[in-house]
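# Coordinates in review
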Amino acid sequence: MELPPGPKYLLEVFPWFALPSLITYSVLYLLEKTNTNFNVPFWATFFLVVSARPIIVIFNYYYSIWQNNRAALANNAVLPPSVPKSMLSIVSEFTQSKENRYPGGVFLRFTEDYGSIVRFNVLTDASLITDEPEHVKAILATQFDSFHKGSVFYSQAHSLLGEGVFNSDGEMFHRAMTRPFFTRERITDFDIYDRNWSISLKTAKARLNEGFSLDIQDLISRFTLDSATEFLFGGEVGSLSAGIPYPPGHEKANSPVFYNHPSTSFVKAFTKGLSIVAERGNFGKEWALVEFNSDQVTPLRQIIDDFTEPLLSKALHARSNGTNLKTNEEVTLLEHLVKHTQDTKILKDELVNLLVAGRDTTMCLLTFAVYMLAEHPDIEKRLREEIYDKVGATEAPTYEKMREMRYMKAFLNEVLRLYPPVPSNGRTTTKPVLLPAIRPGEKPFYIPKDTTCIYAVINIHRRKDLWGPDGKFYPLRTLEYDLNTLFTALEFDPDRFLDDRVKKYLVANPYIFCPFNAGPRICLGQQFAYNEASFYLIRLLQNFTEFTLDNSVNIPPPAQWKFRDSLTAKEKIFPTAHLTLFVKGGLWVKMKSLDNEQV
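Keep in mind the model is a prediction, meaning the values are calculated, not measured.

## Let's talk about the side chain of serine 200
Tracing the sequence through the fold places serine 200 in helix H9 (residues 191-209). Only 3.1 Å separates the side chain of serine 200 from the side chain of tyrosine 536, close enough to count as a polar contact. In contact with serine 200, not counting residues within four places along its chain, are Leu219, Leu240 and Tyr536.

Written out as C-alpha cells, the structure reads:
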C-alpha cells in the first residue's frame with residue numbers, strides 16, 4: 001500500500017535531515033569516549049545535534065550564491081536579478097492572490113518590478129520567470145536538450161497525468177506514437193464535428209426559446225469532449241445528451257439526467273483534478289505537506305479512469321480478437337496506440353493527457369472567441385461576410401474552403417494571442433545554461449542546474465513593445481472605424497495577423513506568439529484545433545447573431561482589476577486558470593437565431 005504524500009515526503013527527506021545530526025552526535029560521543037578530558041554539556045550537545053542541518057543549509061545557501069556568481073563570471077555572464085522577498089512571502093503571494101488574480105498576474109508584477117527575467121524561490125525550489133521571446137526560443141528550441149519537465153512538476157502532476165505526454169521527460173516516445181495519426185486525411189474528417197454540432201445547435205435553440213441565457217462554455221466543453229473522445233478513442237460519450245445547466249437561481253429545472261450522466265462526474269473530477277495540480281505549483285515539492293494524509297487527486301483519477309475504462313477495454317478486446325489486425329488502417333488514435341503497447345497503465349495515462357489537449361484547449365479557444373464576438377459586433381459581421389462568401393449561408397464547411405478564410409484564421413490567432421489556452425508553462429534545467437542577453441552589448445544570463453524556468457505566454461502575447469506600442473496609428477480599414485484609431489497590443493484586432501504588422505513584429509520575432517508551444521515540443525494537434533474551432537464558429541455564425549453577455553449571471557471580475565492595464569480593466573467576465581484558461585462560473589450569453597433566408 002502506497003504511503004500518503006506527507007509521510008512519503010518525510011521518509012524521502014529524513015536521511016537528508018537526520019544524517020548531519022547523526023554524524024554530529026556520533027563524533028561528540030566518540031570524542032567523549034576516547035578523551036576523558038573532553039566533556040560537552042547536554043544543552044550544547046542538543047544544540048549542535050539539532051542545528052547541524054540548519055547550519056549546513058545556511059552554509060550551502062551562501063556557498064551556492066558564491067558558486068553561482070563565480071560560474072557566471074567565468075562564463076562572462078550575470079545571474080538574473082532576484083525578487084527581494086522571502087520564500088514564505090512569495091508562497092503567500094501565490095496562494096493569497098488565487099481568488100482574485102488575473103492569469104499570469106503575479107509573474108507580471110515580478111517582471112514589471114524587477115526586470116523581464118527574475119529569480120525567486122518557491123520554498124526549496126529555485127525558479128525564474130521570463131517574458132523574453134529569445135529565452136523561450138532557447139528553452140523550446142535552440143537549447144532544447146538542456147531542459148526537461150523536472151522532478152517537481154512530475155511529482156505534482158503524477159497522480160492525475162501519470163506518465164503521459166504532458167508529464168514525461170521521455171515525451172518524445174509518446175509523440176512518436178501519436179504523430180502518425182495526425183495526418184491531414186484524419187484531421188479533415190468533419191463528420192464527427194457535424195454530428196455533434198447538430199446536437200449542440202438543438203440544445204442551444206431549445207434553451208434560448210425558453211427565454212434563458214445559456215452557458216456556452218459548458219455547451220462547448222460538451223461538444224469538444226464528445227468530439228475528442230469519438231475522434232481519438234472511438235467512444236460515444238454523449239455528454240451533449242445530458243443537457244446544459246440552467247442559470248443560477250433556476251437549478252431546479254436541471255433534469256436528473258444532467259446530474260447523473262457519467263460525463264458529469266467525469267468533468268467535475270477532471271476539472272477539480274486540474275485545479276489541485278495547479279495549486280500544488282504554489283508549494284514546490286513541499287506540496288505533499290499540504291496534502292499530508294491523503295492525495296486529493298487520487299480518488300478523482302479513479303473517477304476519470306472509470307469513465308475511460310470502457311473505451312480502453314473495447315480497444316484492447318478488439319486487438320485481442322484480431323479485429324484491428326485485419327487492416328493497417330486504424331480508425332481511432334486509441335486503436336493506433338494499442339498496436340504499440342498493451343500496458344493499461346500507459347494507455348490510461350495517455351487517454352487522460354490527450355483529453356486535456358483535445359477538450360480543454362479547444363474549449364478555451366472557442367469560449368473566448370464567443371466572448372470576443374459579444375464584445376465586437378463589427379468583427380462578427382465581418383466574419384459572417386467571409387463565411388457566406390467562402391462557404392455559404394447553410395452549407396457545411398470543408399477543409400479546402402476553410403483554408404481560404406484568412407480573416408477567420410486571423411480572428412482565431414488573435415483570440416489565442418490575448419487568451420492563450422495554457423497561460424504559463426515551464427521547463428527545468430538539466431545542467432547550467434546561458435540565456436541570451438536582453439539588449440545588445442549586455443551579458444547573457446547564467447542559469448544554474450535544476451532551476452525551473454517559467455515563461456508566461458499570456459504576458460509575452462500582450463507586450464506592447466512586441467505587438468504594437470502605444471502611440472502607433474494604423475490606417476482606416478473600414479467605415480466602421482474612426483480615423484486615427486489607436487491599435488495597441490492590448491486591443492483585440494485580428495488584422496494584426498493580416499497587415500504589415502505580421503512582417504514587422506511576428507516574422508521578425510516568431511517566438512512572441514507561442515500558444516501551441518514551439519520547437520520539438522510544438523503541439524501535434526495544432527491544426528486539429530484550428531479545424532475544430534473554425535468548423536464550430538462557421539456553424540455558429542450561420543445560425544446565430546447578436547451575441548450579448550448576460551451580466552446578471554456572469555461572475556464579474558474583481559474590482560481591483562479596474563486599476564490594471566486597459567485590457568484587464570475592460571474585462572466583463574472573470575478569466576482564470578488551472579493548467580488551462582477558462583471563464584470562472586461559465587460564459588452566459590444570449591443570441592438570436594439567424595433567418596438565413598433574409599440574408
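## Some thoughts on the pairing of strand E8 (residues 452-455)
Side-chain alternation along E8 places Thr452 and Ile454 on one buried face and Cys453 and Tyr455 on a second face that is also buried. When strand E2 (residues 125-130) meets E8, the two strands line up parallel, connected through four bridges. Residue pairing in the sheet places leucine 128 in a bridge with cysteine 453 of E8. Looking at chain direction, strand E5 (residues 425-429) and E8 are connected through four bridges and run antiparallel. Considered in E8, the bridge of glycine 426 is made with isoleucine 454.

## As for the sheet that holds strand E9 (residues 544-549)
Across the sheet, three strands lie side by side as E4-E12-E9; this open sheet has antiparallel pairing. For this open sheet the edge positions go to strand E4 (214-215) and E9, each flanked by a neighbour on one side alone.

## Topic: a nonpolar patch on the surface
A contiguous nonpolar patch, built from Leu19, Leu22, Ile23, Val27 and Leu31 and spanning about 440 Å² of accessible area, is present on the exposed surface. Here valine 27 shows up in helix H1 (residues 5-34). Given a relative accessible area of 42%, valine 27 falls into the partly exposed group.

## A few points about H9
In a regular helix each residue adds 1.5 Å, so 19 residues correspond to 27 Å; H9 covers 27 Å between its end C-alpha atoms and thus fits that length. Those residues of H9 that fall on the buried side of the exposure criterion are Ile192, Tyr193, Asn196, Trp197, Ser200, Leu201, Thr203, Ala204, Arg207 and Leu208. Glycine 211, located one to two residues past H9, shows a positive phi value of around 90°.

## Regarding the environment of leucine 466
Along the chain, the position of leucine 466 falls in helix H21 (residues 464-467). Considered as a pair, leucine 466 and isoleucine 387 are 79 residues apart in the sequence and their alpha carbons are 31 Å apart.

## Details of the pattern of salt bridges
Where charged atoms from two side chains of opposite charge approach closely, those side chains can pair. Summed over the entire model, instances satisfying the criterion amount to 28 salt bridges. With a closest N to O distance of 3.2 Å, lysine 348 and glutamate 309 form a salt bridge. With lysine 348 in helix H16 (residues 344-375) and glutamate 309 in helix H14 (residues 298-320), this pair connects stretches of sequence that are 39 residues apart. Note that lysine 572 and glutamate 375 form a salt bridge whose closest N and O atoms lie 3.3 Å from each other. Of this pair, lysine 572 sits in the loop between helix H24 (566-569) and strand E10 (575-577) while glutamate 375 sits in helix H16, and the two are 197 residues apart along the sequence. By relative accessible area, lysine 572 is classed as partly exposed at 38%. Within this structure, Asp131, Glu132, Arg463 and Asp465 form a network of salt bridges that share partners.

## Examining the sheet that holds E5
On the basis of which strands lie adjacent, the open sheet formed by five strands has the order E1-E2-E8-E5-E3 and mixed pairing. With partners counted over all chains shown, the strands left at the sheet margins are strand E1 (117-122) and strand E3 (147-148), one partner each. Contacting E1, E2 and E8, helix H4 (residues 105-114) runs over the sheet at an angle of about 130° to E1.

## Structural notes on the side chain of threonine 545
You can see threonine 545 is positioned in strand E9. Here the side chain of threonine 545 touches glutamate 380 through a polar contact of 2.6 Å, side chain to side chain. Among all residues touching threonine 545, those that are not within four sequence positions of it are Glu380, Arg384, Met591, Lys592 and Leu594.

## With respect to the environment of phenylalanine 14
Within the secondary structure, phenylalanine 14 sits in helix H1. According to the relative accessible area criterion, phenylalanine 14 is exposed, its value standing at 52%. Along the chain, phenylalanine 14 and arginine 222 lie 208 residues apart, while their C-alpha atoms are 46 Å from each other.

Definitions and cut-offs
- Residues numbered from 1 in each chain as written.
- Predicted model: local features only at pLDDT ≥ 70, side-chain atom pairs only at ≥ 80, totals over all residues.
- Heavy atoms only, no water.
- Helix = DSSP H or I, 4+ residues; strand = E, 2+ residues; numbered from the N terminus.
- Polar contact = N/O pair within 3.5 Å; in protein donor to acceptor, adjacent residues only side chain to side chain.
- Contact = heavy atoms within 4.5 Å.
- Buried < 20%, exposed > 50% of the residue type's maximum accessible area, 1.4 Å probe, protein only.
- Pairing = 2+ DSSP bridges.
- Patch = residues over 30% accessible without salt bridge, like charges linked within 9 Å, V, L, I, M, F, W, Y side chains within 5 Å.
- Areas by Shrake-Rupley, 256 points an atom, 1.4 Å probe, with all protein chains shown as cover.
- Salt bridge = Lys/Arg side-chain N within 4 Å of Asp/Glu carboxyl O.
- Expected span 1.5 Å × (residues − 1).
- Axes fitted to C-alpha atoms, helices over the stretch in contact; angles between N-to-C directions.

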